[in-house]
Amino acid sequence: MSGQEQQEARPGLRRWFRRGPWEMAATALIGLGVFMLMQPFSLWLFSNSFAVILVGTLSFVIVSHFPED
Amino acid sequence: MVAWIFILPTILLLLAINIFPLIWAIVLSFTNYRANQPGREVKWVGTRNYERLLSSEDIWGYLQATAHFVCWSMFFQVLLGFGLALLINRQFKGHATWTTLILLPMMLSPAVVGTFWTYIYQPQAGIFNYIINFFIDAGTFSMIGEVALAPWAIVMVDTWMWTPYVMLICLAGPRSIPDYLYEAAEVDRASKLRQFWSITLPMVLPFLMLAVLFRGIENFKMFDMVVELTSGGPGSTTELASINLKREAFEKWRTGYSSAFAILLFLTVFGLGNIYVKFLNKVKER
């Protein structure tokens, strides 16, 4: 069975919840949160930074347990 | 079962000195607890500490000061550390002696470094002003007493102290590159610049990222050296987040509020640590 066929035969949940893209999204969220925390432009961004970092970090911990591919 | 008995002391120790204080700090961050008033009634205040923390312009300023310190000191340390690593890797005569001399600053205590740099920066008798005035007529100025200069003064001292550490980590990179790669590049008539971009830099990148991870986290928590050097001054120009955290916790005794601040800093470092480890693994896989 080729790689593409394996991909097509994979059950729905496993196809959607792959580690790579989700981990990338969580990483982007953490990076955005840290930027918001330390940027000198807007107090509103600073005020919401904690929530963004928290969501990003928790998501990262969860999605790092997803299957590799 | 026997395995569990062997690792039990370590698990208990970790629970006692790592996990319990963390959970306790999270609990305290939702209360108005003051450690200097143990008899006082402790009230559950919900997310009020976090709301006050995240709407404070002062805290925002301290975090900007921290960002300035972390970004610039890491930039200079990586630049100089990598450069020194390439230089030392050339194995010139006496390179071992030079390596030892270069490593000396990182072997000193940060408190000692902070104290003797206050003498070096001293406006009237300090050697720093003497050297600057030798080259340009800058007059009498205080590196740690002027608002515009103090943030750069702490960056400079941290760079002086920790560049050797970055150099040491980076040195492992060039030394692990086999000679035949460069020989093959020579055969292909690749220029020195091309060899650097295509061989040296990719091979050193994992080590560089490791150095950035270690120094980034350490600088984010920087306390002792800056306290000795400037005590957060002039005004609060160099008051980094960790210095303000200590003031809130052990001078103003707002334990609940400072616990919320500590959780904010912990989460930031934890999140950044995750990102770096992920990218480090990716670079290693290449």
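Residues numbered from 1 in each chain as written. Chains lettered and ligands numbered in written order. Predicted model: local features only at pLDDT ≥ 70, side-chain atom pairs only at ≥ 80, totals over all residues. Heavy atoms only, no water.

*Asks:* Would you take a moment to explain the overall build of chain B for this structure?
*Replies:* Regarding its fold elements, chain B presents twelve helices and zero strands. Counted from the first residue to the last, chain B has its helices and strands arranged as α-α-α-α-α-α-α-α-α-α-α-α. Oriented by its inertia axes, the alpha-carbon framework of chain B measures out at about 75 × 70 × 35 Å. Looking at chain B residue by residue over its 286 residues, the buried ones come to 42%. For chain B, long-range pairs separated by at least 24 residues make up 68% of all intrachain contacts whose partners lie at least 6 apart in sequence. (Helix = DSSP H or I, 4+ residues; strand = E, 2+ residues; numbered from the N terminus. Buried < 20%, exposed > 50% of the residue type's maximum accessible area, 1.4 Å probe, protein only. Contact = heavy atoms within 4.5 Å.)

*Asks:* Help me understand the packing of helix H3 (residues 57–88) of chain B against helix H9 (residues 192–220) of chain B in this model?
*Replies:* Pairs of packed helices are described in terms of their axes, by the angle between the two and the distance that separates them. Residue and element names in this part refer to chain B. Between H3 and H9, the least distance of the axes is 10 Å, while the angle of their chain directions is 140°. Both H3 and H9 take part in a crossing whose hand is right-handed. In this structure, H3 contributes Thr-66, Phe-69, Val-70, Ser-73, Met-74, Gln-77, Val-78, Phe-82 and Leu-86 to the contact, and H9 contributes Phe-196, Thr-200, Leu-201, Val-204, Leu-208, Val-212, Arg-215, Gly-216, Asn-219 and Phe-220. The residue inventory of the contact of H3 with H9, partitioned by class, reads twelve nonpolar, six polar and one charged. (Axes fitted to C-alpha atoms, helices over the stretch in contact; angles between N-to-C directions. Left-handed = near helix turned anticlockwise from the far one by under 90°. Nonpolar A, V, L, I, M, F, W, Y, C, P; charged D, E, K, R; others polar.)

*Asks:* Would you mind showing me how to read the environment of Gly139(B) here?
*Replies:* When you line up the elements, Gly139(B) lands in the loop between helix H6 (127–135) and helix H7 (150–175). Linking Gly139(B) and Gln124(B), residues 15 residues apart in sequence, is a C-alpha distance of 9.9 Å.

*Asks:* Help me understand the packing of aromatic side chains in this model?
*Replies:* The geometry of two aromatic rings is summed up by the distance between their centres and the angle between their planes. Residue and element names in this part refer to chain B. For the structure on display, the rule yields 20 aromatic pairs over all chains. Centre to centre, the rings of Tyr-121 and Phe-128 are 5.2 Å apart; their planes meet at 85°, and the pair counts as edge-to-face. Given a relative accessible area of 15%, Phe-128 falls into the buried group. Aromatic side chains Phe-266 and Phe-270 sit 5.7 Å apart centroid to centroid with 20° between the ring planes, which places their arrangement in the stacked category. (Phe/Tyr/Trp six-rings, centres within 6.5 Å; stacked < 30°, edge-to-face > 60°.)

*Asks:* Whenever I open this one, the nonpolar core confuses me. Can you help?
*Replies:* What tends to happen in soluble globular proteins is that the nonpolar side chains get buried as a cluster. Residue and element names in this part refer to chain B. Among the nonpolar cores identified, the biggest contains 57 residues, and Ile-59, Leu-63, Tyr-121, Leu-229, Leu-240, Phe-261 and Leu-264 are the most heavily contacted of them. Sequence-distant contacts of Leu-229, that is, excluding residues within four places in its chain, are made with Gly-114, Trp-117, Thr-118, Tyr-121, Ile-144, Ala-153, Ile-154 and Val-157. Core analysis: the second largest hydrophobic core is formed by 14 residues, Ile-102, Ile-169, Cys-170 and Leu-201 among them. (Core = buried A, V, L, I, M, F, W, Y, C linked by side-chain atoms within 4.5 Å.)

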